[in-house]
2 protein chains.
Amino acid sequence: MGSAEEDSAERRPLNRRLAPNSGNPAAPNRAPSVASTIHARLRSEIVSLARKPGEPLAEKAITEAYGVSRTPVREAILRLADEGLVDIFPRSGTFVARIPQHGLSEAVVIRMALEEKSARLAAERATRSQVMVVQAIVEQLRESQAAGDQAAFHAADEHFHATLAEMAGYPGIWALVQQVKIQVDRYRRLTLPQEGRMQRVIEEHQAILDAVAAHDPDRAALHMNGHLGALIASVEDIRHVNPDYFAGGGHGD
Amino acid sequence: MGSAEEDSAERRPLNRRLAPNSGNPAAPNRAPSVASTIHARLRSEIVSLARKPGEPLAEKAITEAYGVSRTPVREAILRLADEGLVDIFPRSGTFVARIPQHGLSEAVVIRMALEEKSARLAAERATRSQVMVVQAIVEQLRESQAAGDQAAFHAADEHFHATLAEMAGYPGIWALVQQVKIQVDRYRRLTLPQEGRMQRVIEEHQAILDAVAAHDPDRAALHMNGHLGALIASVEDIRHVNPDYFAGGGHGD
DNA sequence: CTCATATATTTGATATATCAGTTAAGGCGG
DNA sequence: CCGCCTTAACTGATATATCAAATATATGAG
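To start, this report covers the structure provided alongside it.

Reading the values: rules and limits
- Residues numbered from 1 in each chain as written.
- Chains lettered and ligands numbered in written order.
- Predicted model: local features only at pLDDT ≥ 70, side-chain atom pairs only at ≥ 80, totals over all residues.
- Heavy atoms only, no water.
- Helix = DSSP H or I, 4+ residues; strand = E, 2+ residues; numbered from the N terminus.
- Contact = heavy atoms within 4.5 Å.
- Near = heavy atom within 4 Å.
- Polar contact = N/O pair within 3.5 Å; in protein donor to acceptor, adjacent residues only side chain to side chain.
- Expected span 1.5 Å × (residues − 1).
- Buried < 20%, exposed > 50% of the residue type's maximum accessible area, 1.4 Å probe, protein only.
- Nonpolar A, V, L, I, M, F, W, Y, C, P; charged D, E, K, R; others polar.
- Pairing = 2+ DSSP bridges.
- 1 Å grid on protein atoms, 1.4 Å probe; cavity = no way out; pocket = protein on both sides within 12 Å on 5 of 7 lines; lining within 4 Å.
- Points joined across faces, edges and corners; volume = space filled by probe spheres on them.
- Domains from an automatic or database assignment.

**What to know about the environment of I208 of chain B**
All names here are of chain B.
Argument step 1. Within the secondary structure layout, I208 lies in helix α8 (residues 197-213).
Argument step 2. Separated by 16 residues in sequence, I208 and M224 place their C-alpha atoms 6.2 Å apart.
Argument step 3. Aside from chain neighbours lying at most four places away, what touches I208 is F160, L164, H223, M224 and H227.

Written as C-alpha cells, this is what we have:
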C-alpha cells in the first residue's frame, strides 16, 4: 500500500535516495566509530576478565578514561547488555555480568548442535583445496604448541572452526557459535590451563579434518561432538573458582 | 590487570552497592522504557512488512510520530541494526533491511540443527504432565484452524516450539531460534498462505509430540526435521515476489 | 542541452544538559 | 539505643545542541 501518515504527500521527494544498494554492495556501518571502539575495548576487557564479574561499570569513569562523552559510552554499554556481558539495573547501576552457571552447559549443547551440522556439511562439500587450507590451520596449531604460544593457538583454533563453517556453506553458523560461546570463554579464563590439552585438541582437529577430507559426514560429526563434548566435562565442575563470579540462572538473551 | 586508574583511592566507598544480586534475583532492565517501546513497535512494523524492505527510516519522522526525542529512537534503531532488521549507513541514511536471500536457507538449516536437538532432548526427558501441556497446545492449533484464526495459529505454533525447548532443559535454544528465524518470518509474509498448510502443520506437530511422548528421540528428531524441512522448499523459490525486497548476500548474524 | 562545481540540506555521530528514580546516609522522635 | 522519615548524592533515561560527512539540488560554463 501507499503509506503516508497524513500530510506527507508534498513532503516526500519520492525519488530521493530510495535504496543504498547500488554502490554499496554490503557491510553497512563498518566505520571505526568511537562507540564501536569503546565497545570492542570493553568487550575485550570483560571477556579477558580484566573486569571482574559483578564489578560495577561506572559510565563516568569510562567517559573520563577515554576522553569521550557519555553518548558513545552508553551506546557501547547497551550493546554489551544485549550480548549478555553487562547487566543494567535501570536507575541503580551497571555491572559486569556474572557468568551464568546453567548457561554454560546450555551454550556447549547449542554449540555442539550447530557445529555438528557444520562438520557434516563440510564433509559433504569439501574441495581438495579447502582441505589443504584447513590442514594448514592444523599445522599452525602444532607450531603454536611448539612455540608455547597460547594466544596463537587459540586464534588458530577459532580459525579452524570458522573455516569449517565456511566450507559448509553457512558462515552464519560460526557467527552464532561465537555469540553463544562467549560466556564459556570467560569461564575458561578462570580455570587453569590443563596439561596436555593442546596436544589433545590438535589430535581432535586432525581427526575431524581427516573425516572431512574423506567425505565422511558421520565420522566428522562424531569427532566434532567428541571434541566439543570435552568442554561439557570441564564446564560441569564449578568448584575451586570464586563462586562470586557466577550467577545461578541461565541467560535468556 | 589490577584496576584503579589513578586517584580513585579515596573516591570509592568500597562497600557501596557492589552487587545487585541480593534482592534482584534476575531480569535486569525490564522496565518499559521509551526506547524499548519504540524498539518493539518498529520491530513489529518491520517484521509485519508494514515497513517495506529498502524503505528509508527517518529518525526525525519517528521522533515526531511518537513525540519523543531522538535519543531513545536512536537507541531503538541501533538495536534493530544489531538484529539485522535495519541497515545504517553512517552519514547517509538508515533503511529497513532487505531480506537476505542466502540468509534464508541458512536460517532454516540452523534452525533445524537447533530444534533437532531440542526434540531429541525433549523426547528423553519429557514427563507425563509436560506431554499433556504440549498436547493442549496442539489442540489450540486445531481450534485456531477451525476458527480460521491465523494469528492464534501462529502464536500456538511458536508456543509449541518454545515449550519443547523448555522441556529439553535448554530454553535458550528457542531464544536463539527466534533470533535466527526473523528474516524467514518476514519472507513468509510475502508469500500467499498455502492451501492446506495449517492441516499439515498440525499433523507434523502431533507426530513430533507422539514421538516425544513415546520417548523416542530419533523419531522426534526425524519429524522435527521433516516439519522444518518443508520450510526449505518454500524458501528456495524466490520468484513471483518483488525482487526489490531482497538482498543478495547473507547476513553475519 | 550536458556536465562539472558550488551550495544547501539531510543525517548519523557525538557532546552536553536535564529529569526522575534509587540508594544510602543522616536526623528526628520514640 | 532503635526505627522511621527526610534528605542528599548518584545513576541511568531522556531531551537538546552541535558537528561533520554525504547527497541532492541549484547553478553556470562549455
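More follows now that the structure is in view.
**Description of the protein's contact with DNA strand D**
Argument step 1. Contacts to DNA strand D come from 20 residues, most closely from R74 and P90 of chain A together with V34, S69 and T71 of chain B.
Argument step 2. Backbone sugar and phosphate groups make up 76% of those atoms of DNA strand D lying within 4 Å of the protein.
Argument step 3. T94 of chain A places a polar side-chain atom, nitrogen or oxygen, 2.8 Å from a phosphate oxygen of DNA strand D.
Argument step 4. In this structure, T71 of chain B approaches DNA strand D through a side-chain N or O atom, which is 2.8 Å from a base nitrogen.
Argument step 5. For the surface near DNA strand D, the element with the highest residue contribution is helix α3 (residues 70-82) of chain B, accounting for three residues.

**Comments concerning α3 of chain B**
Argument step 1. With 13 residues, α3 of chain B extends 18 Å from end C-alpha to end C-alpha; this agrees with the ideal 18 Å at 1.5 Å per step.
Argument step 2. Where α3 of chain B is concerned, the buried positions are P72, V73, E75, A76, I77, L78, R79 and L80 of chain B.
Argument step 3. Close packing links the buried residues of α3 of chain B with α3 (70-82) of chain A together with α1 (34-47), α2 (59-66), β1 (86-89) and β2 (93-96) of chain B.

**Re the protein's contact with DNA strand C**
Argument step 1. Taken together, 22 residues form the shell around DNA strand C, and within it V34, S69 and T71 of chain A together with R74 and P90 of chain B come nearest.
Argument step 2. Restricting attention to atoms of DNA strand C within 4 Å of the protein, one finds that 75% of them are sugar or phosphate atoms.
Argument step 3. In this structure, P90 of chain B approaches DNA strand C through a main-chain N or O atom, which is 2.8 Å from a sugar or linking oxygen.
Argument step 4. Counting residues per element, the ones that place at least two in the surface near DNA strand C are α1 (34-47) and α3 of chain A together with α3 and β2 of chain B.
Argument step 5. Looking at which element gives the most residues to the surface near DNA strand C, the answer is α3 of chain A, with three residues.
Argument step 6. Counted by class, the surface near DNA strand C contains seven nonpolar, seven polar and eight charged residues.

**Things to note about the pairing of β1 of chain B**
For a regular strand, side-chain orientation follows a simple rule: the groups alternate between the two sheet faces.
All names here are of chain B.
Argument step 1. Covered by surrounding structure in β1 are V86 and I88 together with D87 and F89, the residues of both alternating faces.
Argument step 2. Here β1 pairs with β2 via four bridges, running antiparallel. Bridged to I88 within β2 is T94.
Argument step 3. A loop of three residues connects β1 with β2, the two strands running antiparallel in sequence.

**Examining the layout of surface pockets**
All names here are of chain A.
Argument step 1. Quantified by volume, the second largest pocket comes out at close to 1,300 Å³.
Argument step 2. Along its surface, the second largest pocket is lined by 44 residues, and H154, D185, R188, R189 and R197 are the ones closest to its centre.
Argument step 3. Contributions of two or more residues to the lining of the second largest pocket are made by α1, α4 (101-125), α6 (150-168), α7 (172-190), α8 (197-213) and α9 (217-236).
Argument step 4. Looking at side-chain class alone, the lining of the second largest pocket contains 19 nonpolar, 13 polar and twelve charged residues.
Argument step 5. Looking at which domains feed residues into the lining of the second largest pocket, each of domain 1 (34-97) and domain 2 (100-247) supplies at least three.

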